[in-house]
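Coordinates in review
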Amino acid sequence: MLYEFKSKAAGSVVMTGPVAERLLAIVGKAPGRKGVFTVEQLAPAIAALQSAIEREKSEGAAPEGEAEDGRRDAVPAVTLAQRAWPLMELLRAAGRAEQVVTWGV
């Protein structure tokens, strides 16, 4: 499943299901075909994502695609920060414009 996050404040962000569902879990949203971030939920969602990114950095967790012993798999490593960046930028733009962010609507 693909998720398309949209807001009148900016363009849309499309993510694969596993990536979007991981980010939604971090911010406390249930994955599903439809959903919304209200204006009031934008700042806490950004803060939750930023906190998870900082936690990943401080714990030294291996990014996706990298083995715990530092060996790289065939797939290049992708950090949580890289995965979350497009959604965070959309949430920030929506917050500045006081617009909701939806998916599946």
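Residues numbered from 1 in each chain as written. Predicted model: local features only at pLDDT ≥ 70, side-chain atom pairs only at ≥ 80, totals over all residues. Heavy atoms only, no water.

Here helix α3 (residues 80-97) is 18 residues long and its end C-alpha atoms lie 26 Å apart, about the 26 Å a rise of 1.5 Å per residue gives. For α3, the principal kink sits at P86 and spans about 35 degrees. Among all positions of α3, only L80, A84, L87, M88, L90, L91, A93 and A94 are buried. Lining the buried residues of α3 we find β1 (2-7), β2 (10-16), α1 (17-27), β3 (35-37), α2 (39-59) and β4 (101-103). Downstream of α3 by a residue or two, E98 has a phi angle that is positive, lying close to 55 degrees. (Helix = DSSP H or I, 4+ residues; strand = E, 2+ residues; numbered from the N terminus. Expected span 1.5 Å × (residues − 1). Bend = angle between axes of the 7 residues up to and from the residue. Buried < 20%, exposed > 50% of the residue type's maximum accessible area, 1.4 Å probe, protein only. Contact = heavy atoms within 4.5 Å.)

Here the focus is the packing of α1 against α3. For the pair α1 and α3, the least separation of the axes is 11 Å and the interaxial angle reads 85 degrees. Of the possible angle classes, the one that applies to α1 and α3 is roughly perpendicular. Residues V19, R22, L23 and I26 of α1 form the contact with α3, whose participating residues are L80, R83, A84 and L87. (Axes fitted to C-alpha atoms, helices over the stretch in contact; angles between N-to-C directions. Parallel < 35°, antiparallel > 145°, perpendicular 65-115°, else oblique.)

For the rest of this paragraph, the subject is the pairing of β1. When a strand is regular, its side chains alternate between the sheet's two faces. Burial of β1 is one-sided: the residues Y3, F5 and S7 facing one way are buried, the residues L2, E4 and K6 facing the other way are not. Two elements, β1 and β2, share five bridges in a ladder whose sense is antiparallel. Counterpart to S7 in the pairing with β2 is A10. In this structure, the hairpin formed by β1 and β2 is closed by a connection of two residues. As paired strands, β1 and β4 are joined by two bridges and run antiparallel to one another. Its bridge partner being in β4, F5 is matched across the sheet by W103. (Pairing = 2+ DSSP bridges.)

Below, the discussion takes up the packing of α2 against α3. At a minimum axis separation of 10 Å, α2 and α3 run at an interaxial angle of 160 degrees. With respect to their mutual orientation, α2 and α3 come out roughly antiparallel. In the crossing of α2 with α3, the sense of the turn from one axis to the other is left-handed. Along the contact surface, α2 presents L42, A45, I46, L49, Q50, A52, I53 and E56, while α3 presents L80, A81, A84, L87, M88, L91, R92, A94 and G95. Taken together, the residues of the contact of α2 with α3 break down into 13 nonpolar, two polar and two charged. (Left-handed = near helix turned anticlockwise from the far one by under 90°. Nonpolar A, V, L, I, M, F, W, Y, C, P; charged D, E, K, R; others polar.)

Moving on, we come to α1. Within α1, burial applies to G17, V19, A20, L23, L24 and V27. Along the axis of α1, the buried positions cluster into a sector of 165 degrees, meaning they face one direction only. Summarising the geometry of α1, the exposed residues directed more than 90 degrees from the buried face are P18 and A25. Where α1 is buried, its residues touch β1, β2, β3, α2, α3 and β4. Just past α1, the residue G28 takes up positive phi, approximately 85 degrees. (Arc of directions from axis to C-beta.)

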